[in-house]
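What follows is each chain in one-letter form.
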Amino acid sequence: MALLSCVQCQKLPGLFGNTLIHFKSGLVVKKIKQNDNVLFFYNDSKKWLMRVSNKQQFHTHIGIIDHKKVIGKQYGNAIKTNKGKIIYLLEPTIYDFVMKSQRSTQIVYPKDLGYIAARIGLQSGQQIIEIGTGSGSLTTFLASIVKPKGHVYTYDVDENFMAIARKNIEKAGLVKHVTMEKFDIKNARKVPRTNADVVVVDLGDPWLVVPQARKMLKGSGAFVSICPTMNQLEKLVTALRQNDFFDIECTEQIVRTIEAREGKTRHSFRGIGHTTYVAFARKVTTPKELRRIVTTDSEDIDSDGSKLVEDESLSSQKK
Ligand SMILES: C[S@@+](CC[C@H](N)C(=O)[O-])C[C@H]1O[C@@H](n2cnc3c(N)ncnc32)[C@H](O)[C@@H]1O
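No experiment lies behind these values; they were computed from the predicted model shown. (Residues numbered from 1 in each chain as written. Predicted model: local features only at pLDDT ≥ 70, side-chain atom pairs only at ≥ 80, totals over all residues.)

### Digging into the nonpolar core
Part 1: Of all hydrophobic cores here, the largest spans 55 residues; its most connected members are Ile128, Val199, Phe223 and Val224.
Part 2: The element that contributes the greatest number of residues to this core is strand 14 (residues 217–227), accounting for six residues.
Part 3: Non-local contacts of Val224, meaning those with residues more than four positions away in its chain, are made with Ile116, Ile120, Val198, Val200, Val278 and Phe280.
Part 4: Within the second largest apolar cluster, eight residues are counted, among which are Phe40, Ile65, Val70 and Leu89. (Core = buried A, V, L, I, M, F, W, Y, C linked by C-beta atoms within 7 Å. Buried ≥ 20, exposed ≤ 12 C-beta atoms within 10 Å, placed from the backbone. Helix = DSSP H or I, 4+ residues; strand = E, 2+ residues; numbered from the N terminus. Contact = placed C-beta atoms within 7 Å.)

In structure tokens:
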């Protein structure tokens, strides 16, 4: 078998199984093997995410992609179709898994996923509860960050959606970091788990489950909800205020794609329109006598009935 040279220094490395290790630098160069995921990239609109199988030949309008040619190559290499077209072999990222997932419901898009992660301080090791698994797009993203010690517990009422979500999560290699159960949050007497770092709710009427979300969260834990319309946001925020949540914020994430070409760089004509609004809040565990009720007209009322200065979280919403 011919040894491939190190991609960095071009010297011959040692070969262990499917992994090349360069003795001097310790650099690990992975070779693509059977069942690995590869993003076959031709151009921005023609890219396919597939699991490599040496028996598969994939027919496209630019020719046949023969999986046999891929095995033993490194990510970043290229192959040619039988029509001579060059296809790059890219290692899929979580973005690719989300965008190429099978969809049975509306999903949460990367532009919103990124802000959600930053706003809640998503990190490895956290325990997340998700209500409304849908197609598992958000589940996949959350699990990719909280792993290996953290976990996502996700609940849905629709078994057909759950089956598709399971396939998407499995494809991204995240099954062991996710527990999925059939559970109807609106009609349940008890909550399925407690003490979560984050509770995410993606249902049509999230305001109905705010008291349950509160029970499932640890003190100071973050609540997130996906609300495609402003009417949903209004009802949700009212419920959050009534249930002693603070640090409330509602956002819309707008991303504009730029077509960068020398001398004629401009905004793209294509782009994602409205996806959703996102609501955030934090649970406080103040004893009743110390509570402030955050009113809708931006005045706080203290436990003794006196009015307080405007709450900071609300003044930022007014700007
Ligand atoms: C918009 S989808 C969630 C999409 C998901 N966030 C994603 O990124 O793929 C909403 C989901 O909530 C589920 N759902 C509706 N009512 C529910 C309830 N009472 N308890 C649990 N899940 C529910 C629906 O079956 C549906 O799958």
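Now that the structure is up, let's keep going.
### Section: helix 6 (residues 230–242)
Residues lying three or four places apart along an α-helix face the same way, a consequence of the helix completing one turn every 3.6 residues.
Part 1: Spanning 13 residues, helix 6 covers 19 Å between terminal C-alpha atoms, matching the ideal 18 Å at 1.5 Å per step.
Part 2: Gln232, Leu233, Leu236, Val237, Ala239 and Leu240 are the residues of helix 6 that are buried. Each buried residue of helix 6 lies within a common arc of 160° when the element is viewed along its axis, so the set occupies one face. Those residues of helix 6 that are exposed and aimed more than 90 degrees away from the buried face are Met230 and Asn231.
Part 3: Buried residues belonging to helix 6 abut helix 5 (210–216), strand 14, strand 15 (245–251) and strand 18 (277–283). (Expected span 1.5 Å × (residues − 1). Arc of directions from axis to C-beta.)

### Section: the sheet that holds strand 4 (residues 37–43)
Part 1: Sheet architecture is open: four strands sit in the order 5-4-9-8, paired in antiparallel fashion. Edge positions in the open sheet fall to strand 5 (46–51) and strand 8 (78–80), since each of these has one partner strand only. Looking at each pair of strands side by side, their axes are set apart by 30° on average, direction ignored.
Part 2: By the bridge criterion, six bridges tie strand 4 to strand 5 in an arrangement that is antiparallel. Counterpart to Asn37 in the pairing with strand 5 is Arg51. (Pairing = 2+ DSSP bridges. Axes fitted to C-alpha atoms, helices over the stretch in contact; angles between N-to-C directions.)

### A word on the site of the ligand
Part 1: Contacts to the ligand come from 22 residues, most closely from Gly132, Gly134, Ser135, Ser137 and Asp158.
Part 2: The set of elements that each furnish at least two residues to the shell around the ligand consists of helix 3 (137–146) and strand 11 (151–156).
Part 3: Tallied by class, the residues present in the shell around the ligand amount to nine nonpolar, eight polar and five charged. (Near = placed C-beta within 6 Å. Nonpolar A, V, L, I, M, F, W, Y, C, P; charged D, E, K, R; others polar.)

### Focus: the pairing of strand 7 (residues 63–66)
Part 1: In this sheet, strand 7 lies alongside strand 6 (residues 57–60) in antiparallel orientation, the contact comprising four bridges. Looking across to strand 7, one finds that Gln57 is bridged to Asp66.
Part 2: Connecting strand 6 to the antiparallel partner strand 7 that follows it, the hairpin turn spans two residues.

### Considering unusual backbone geometry
Part 1: Looking along the chain, the bond that leaves Lys147 and enters Pro148 is cis, with omega of 0°.
Part 2: Relative to the helices and strands, Pro148 resides in the loop between helix 3 and strand 11.
Part 3: Unlike most non-glycine residues, Asn35 shows phi in positive territory, near 75°.
Part 4: For Asn35, the position within the fold is in the loop between strand 3 (28–30) and strand 4.
Part 5: Even without being a glycine, Asn195 presents a positive backbone phi close to 65°.
Part 6: Structurally, Asn195 is set in the loop between strand 12 (178–182) and strand 13 (196–201).

### Section: the sheet that holds strand 11
Part 1: Here we have seven strands laid out as an open sheet, ordered 12-11-10-13-14-18-15, and mixed in their pairing. At either margin of the open sheet sits one strand with a lone partner, and together these are strand 12 and strand 15. Each strand of the sheet is rotated relative to its neighbour by a mean of 15°, with strand direction disregarded.
Part 2: Here strand 13 runs beside strand 14; their pairing, made up of five bridges, is parallel. Looking across to strand 14, one finds that Val199 is bridged to Phe223.

### Some remarks on helix 4 (residues 159–171)
Part 1: An ideal rise of 1.5 Å per residue puts 18 Å on 13 residues; helix 4 measures up with 18 Å between its terminal C-alpha atoms.
Part 2: The complete set of buried residues in helix 4 reads Met162, Ala165, Asn168, Ile169 and Lys171.
Part 3: Looking at the buried side of helix 4, the elements it contacts are helix 1 (94–99), helix 3, strand 11 and strand 12.
Part 4: Directly after helix 4, the chain includes Gly173, whose backbone phi takes a positive value near 75°.

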